[in-house]
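Here are the chains, one letter per residue:
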Amino acid sequence: MQIHFLRHATFILKLKGAELLVDPMLSPAESMNPIGGAASNKRIPMVELPLSAEELTKVLSRISAVLISHRHQDHWDAHAKALLSKDIRIFCQPEDEARIRADGFKNVTSIQSEHIWQGITLHRTAGRHGSGEIGKKMGAVSGFVITAEGEPSLYVAGDTILCPEVTDALQKHKPDVIVVNAGGTRFLTGGPITMTSEDVAGVCRSASSSARIVAVHMEAVNHCVETREDLRKFLEEEKLLEQVLIPADGDLLTF
């Protein structure tokens, strides 16, 4: 199993001969307005993809399917909608199926509980995109546990804080690899809406000691306040750094 991490929450999962594109934000740097209500007003994405336009076209031509955890623009942007074939298979949460179909995509499968595709099973999990009023405003989000015979299991937690739904998924599925959206993302009011460094440490402690955590969702969007270095320093102090991979844009991880 390989993860080709591109940027923010976007990566390509290579598994069982398939290439699954996860949460595509494919826009060129600074081509979108900043997320409103954040401490920074930098245009997004704040960094380029680690691929040229030509390389991106070649990569997308090999994609077997797309997995969308939720429809916020930093996980499913207008550029992705324009570049991807309208016939490509898309997997999503039930709350998003109608809107994705309205964008012109024909082969959309919403996953209520689990779905088997080409020998790969996708189990949908729950999460909380923040707490209190801000969490309600952020809407529904999902994670997915992806399994295939003879391969490590992967839990893509999605945009969630550490919450009972996440710890339940860790205990139920016991994933070998866990991708968490870090960055301590937040607005000027309300608490974090993605995992803080403390939350990532909590995942380490809740997961199997043999599990590898991959922390992404940093340094690309203006409301993500914690950097890779912030996370690295915190985990080092907590003596958890060896359990966590913090990939640079473009890194290829093999498990």
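All residue numbers here refer to positions counted from 1 along the written sequence of the relevant chain. In keeping with the predicted nature of the model, local features appear solely for residues at pLDDT of at least 70, side-chain atom pairs appear and are counted solely at 80 or more, and the whole-chain, interface and lining totals rest on all residues. Excluded from the side-chain calculation are hydrogens and water; included are all heavy atoms of the structure.

## Notes on helix H5 (residues 164–173)
At step 1: Among the residues making up H5, those that are buried are Val166, Thr167, Ala169 and Leu170. Down the axis of H5, the smallest arc covering the buried residues is 155 degrees, so these residues share one side. Along H5, exposed side chains directed more than 90 degrees from the buried face belong to Gln171 and Lys172.
At step 2: Residues of H5 that are buried make contact with strand S8 (120–126), strand S10 (154–156), strand S11 (177–181) and helix H6 (197–206).
At step 3: Each helix is a run of DSSP H or I of at least 4 residues and each strand a run of E of at least 2, with the numbering of both proceeding from the N terminus. Two residues or fewer past H5, Lys174 is found with a positive phi of approximately 45 degrees. Each residue gets one of three labels from its accessible area relative to the maximum for its type: buried under 20%, exposed over 50%, partly exposed in between, using a 1.4 Å probe on protein chains only. Our arc is simply the arc of the directions from the helix axis toward the C-beta atoms. Note on definitions: a residue-residue contact is assigned when non-hydrogen atoms from the two residues lie within 4.5 Å.

## Looking at the environment of Trp117
At step 1: Assignment of secondary structure puts Trp117 in strand S7 (residues 114–117).
At step 2: Not counting chain neighbours up to four residues away, the residues in contact with Trp117 comprise Ala18, Ser64, Ala65, Arg89 and Phe91.

## Focus on the sheet that holds strand S4 (residues 65–67)
At step 1: Reading across from one edge, S6-S5-S4-S3-S2-S1-S14 is the order of the seven strands in this open sheet, with mixed pairing throughout. A single partner strand is all that each edge strand has here, and the edge strands are strand S6 (107–110) and strand S14 (252–254). Neighbouring strand axes in the sheet, compared pairwise and without regard to direction, differ in orientation by 20 degrees on average.
At step 2: Strand pairing requires that DSSP identify at least two bridges connecting the strands. The pairing of strand S1 (residues 2–7) with S14 spans three bridges and is antiparallel. Bridging from a neighbouring strand, His4 pairs with Leu252 of S14. Fitting a line to C-alpha atoms yields each axis, with helices limited to the stretch in contact; the angle taken between N-to-C directions then spans 0 to 180 degrees.

## Observations concerning the pairing of S8
At step 1: Summarising burial for S8: five of the seven residues are buried, a large majority.
At step 2: Here S7 pairs with S8 via four bridges, running antiparallel. The partner of Ile116 across the bridge, within S8, is Thr121.
At step 3: Between S7 and the antiparallel strand that follows it, S8, lie two residues; Gln118 among them carries a positive phi value of about 50 degrees.
At step 4: For S8 and strand S9 (residues 142–148), the ladder comprises seven bridges, and the chain directions are antiparallel. Residue pairing in the sheet places Thr125 in a bridge with Gly143 of S9.

## Details of the packing of aromatic side chains
At step 1: Each aromatic pair joins two rings of Phe, Tyr and Trp (for Trp, the six-membered one) with centres within 6.5 Å, and gets the label stacked for planes under 30 degrees apart, edge-to-face for over 60, and tilted for any other angle. In total, this model carries two aromatic pairs according to the counting rule given.
At step 2: A centroid spacing of 5.4 Å and a plane angle of 55 degrees characterise the contact between Trp76 and Phe105, whose relative ring orientation is tilted. Of the two residues, Trp76 sits in the loop between S4 and helix H2 (78–83) while Phe105 sits in the loop between helix H3 (97–102) and S6, which places them 29 residues apart along the sequence.
At step 3: Look at Phe91 and Trp117: their rings are 5.4 Å apart centre to centre, the planes differ by 65 degrees, and that puts the pair in the edge-to-face class. Note that Phe91 is positioned in strand S5 (residues 89–92) and Trp117 in strand S7, a separation of 26 residues in sequence. Across the pair, Trp117 and Phe91 agree in class, each one buried.
At step 4: The rule is short: NZ of Lys or CZ of Arg within 6 Å of the ring centre and within 35 degrees of the ring normal puts a charge over the ring. The side chain of Lys86 reaches across the aromatic face of Phe105, ending 4.7 Å from its centre.

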